[in-house]
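# Structural characterization, general
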Amino acid sequence: MLERLGRLTRHTEGLLLLVILLLGALLSVLSPYFLTLSNIVDLIESYSVTTVLALGVFVVLVAGGIDISFAATASVAQYVTAYVATAWGLPAVLCIPLGLLVGLALGCLNAALIYYLRVTSIIITIATMSVYFALLMWVTGGKSIYALPDWWATRVVLWQTETANGDLVRITLPFLIAALAVLLTWLLMTRSAAGRQLTAMGGNAEAARRLGVNLAAMHFLAYGYLGLMAGVAGLLQAHRVGEAVPNAMYGNELNVLAAAVLGGASLMGGIGTVGGVLLGILLLAMLQNGLNLLGVSPYFFQIVIGLVILVSTSITGLSARARLCRRALRIRLVMGFR
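Overview of the structure. (Residues numbered from 1 in each chain as written. Predicted model: local features only at pLDDT ≥ 70, side-chain atom pairs only at ≥ 80, totals over all residues. Heavy atoms only, no water.)

### Let's talk about the pattern of salt bridges
Taken as a whole and assessed by the stated rule, the structure comprises four salt bridges. Of the charged contacts in the structure, one is a salt bridge between E45 and R240, with a shortest N-O distance of 3.9 Å. Of this pair, E45 sits in helix α3 (residues 37-46) while R240 sits in helix α12 (residues 215-241); the two residues are 195 residues apart in sequence, bridging distant segments of the chain. E45 gets classed as buried once you look at its relative accessible area, which sits at 7%. Overall, the relative accessible area of 30% leaves R240 in the partly exposed class. R209 is the salt-bridge partner of E206, the closest N and O atoms lying 2.5 Å from each other. Placement of the pair is E206 and R209 together in helix α11 (residues 205-210), with a separation of three residues, close to one helical turn. Bridged by salt links that share partners, the residues E45, R155 and R240 form one connected network. (Salt bridge = Lys/Arg side-chain N within 4 Å of Asp/Glu carboxyl O. Helix = DSSP H or I, 4+ residues; strand = E, 2+ residues; numbered from the N terminus. Buried < 20%, exposed > 50% of the residue type's maximum accessible area, 1.4 Å probe, protein only.)

Structural data, given as structure tokens:
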């Protein structure tokens, strides 16, 4: 039993699962409201937007890049769609593809700048984040759009039931959208040649190029996919709250990034699984929800987010240094230097 537990915790997913089980048991003891069906369903729905964004970030991380502009992209896609839907009265069949196309275009713009300018991805995306958001606030004057059309603002309930204590539990559209995003990302990264090429590029871009991988196409695929997921997340966020707010998505970058790296997506690229990302999201959601139920200051959760990114970055750096040391030792041994 102990040996099996040891094998489980050697992998990121196994360790996360163990931590989730222990945390769930602890929070269920500390708060009687935590392990209830209504709370669990509300928790999953409230993190549906984060899930969609984290899946897009995961693809970029595996490809060896970092994108910080996805929240601004989501905000732009959301507001553009809300404007044409309310001011021009366009139907859903035109508005939804338009919002997704805006997200895709902004993601591809990031890819073009990163690949052709040969500038570090985090620098480019910090710059584009600032440009996208500033332009949005300047053009809109920071005004929200409250009167969304019925096809967008109406809550879509797929299934509902009432618990014994009278709580109404509903499975809504955000569940379905998040599940479809999970399936699509899993198929892309594990069941397609493009997913394998993205992983190869993230592991060693030069080696991937020599093997025939089109690095430009892979950049556009990774950042374009994140842009598409940002568009989905922006539309989904407006559906959940019933309004389009220019700065609604802004400021959530670290939460999404922390969920991806906590799930095992390496900041050095080439490593990560969809299952690990989902476990990372679940752990952060449980922690935030549990702290809220216990009345702990929300600032403590931001401390946790910062520590997650700091620890992940440190582990990634130490692992890279260890690999370089092992490689140097092998070279010395091959050349006969003892």
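### A few points about the packing of helix α5 (residues 70-87) against helix α6 (residues 92-117)
Interhelical geometry of α5 versus α6 gives an angle of 150° and a closest axis separation of 9 Å. By the angle between their axes, α5 is roughly antiparallel relative to α6. Classified by chirality, the crossing of α6 by α5 is right-handed. Contacts between α5 and α6 pair T73, V76, A77, V80, T81, V84 and A85 from the former with C95, L98, G99, V102, G103 and L106 from the latter. Of the residues contributing to the contact of α5 with α6, the split by class is nine nonpolar, four polar and no charged. (Axes fitted to C-alpha atoms, helices over the stretch in contact; angles between N-to-C directions. Parallel < 35°, antiparallel > 145°, perpendicular 65-115°, else oblique. Left-handed = near helix turned anticlockwise from the far one by under 90°. Contact = heavy atoms within 4.5 Å. Nonpolar A, V, L, I, M, F, W, Y, C, P; charged D, E, K, R; others polar.)

### Structural notes on the packing of helix α4 (residues 48-62) against helix α9 (residues 173-190)
Put simply, α4 and α9 touch, their axes get as near as 8 Å, and they point 15° apart. The angle between α4 and α9 falls in the class roughly parallel. Note on packing geometry: the crossing formed by α4 with α9 is left-handed. In this structure, α4 contributes S48, T51, V52, L55, F58, V59 and V62 to the contact, and α9 contributes P174, A178, A181, V182, T185, L188 and M189. Looking at the contact of α4 with α9 residue by residue, the class counts come to 11 nonpolar, three polar and no charged.

### Points about α4
Here α4 contains 15 residues, and its C-alpha end-to-end distance of 21 Å stays within 8% of the 21 Å for a straight helix at 1.5 Å per residue. Within α4, 15 of the 15 residues are buried, which leaves the element mostly enclosed by the surrounding structure. G64 occupies a position one or two residues after α4 and carries a positive phi of about 95°. (Expected span 1.5 Å × (residues − 1).)

### Comments concerning α12
With 27 residues, α12 extends 39 Å between its outermost C-alpha atoms, agreeing within 8% with the 39 Å of an ideal straight helix rising 1.5 Å per residue. Judged by how many residues are buried, α12 sits mostly within the fold: 21 of 27 residues are covered. Capping the start of α12 is the job of one residue whose side-chain oxygen sits 3.2 Å from the backbone nitrogen of A216: N214. Positive phi appears at G242, one or two residues downstream of α12, with a value of about 80°. (Polar contact = N/O pair within 3.5 Å; in protein donor to acceptor, adjacent residues only side chain to side chain.)

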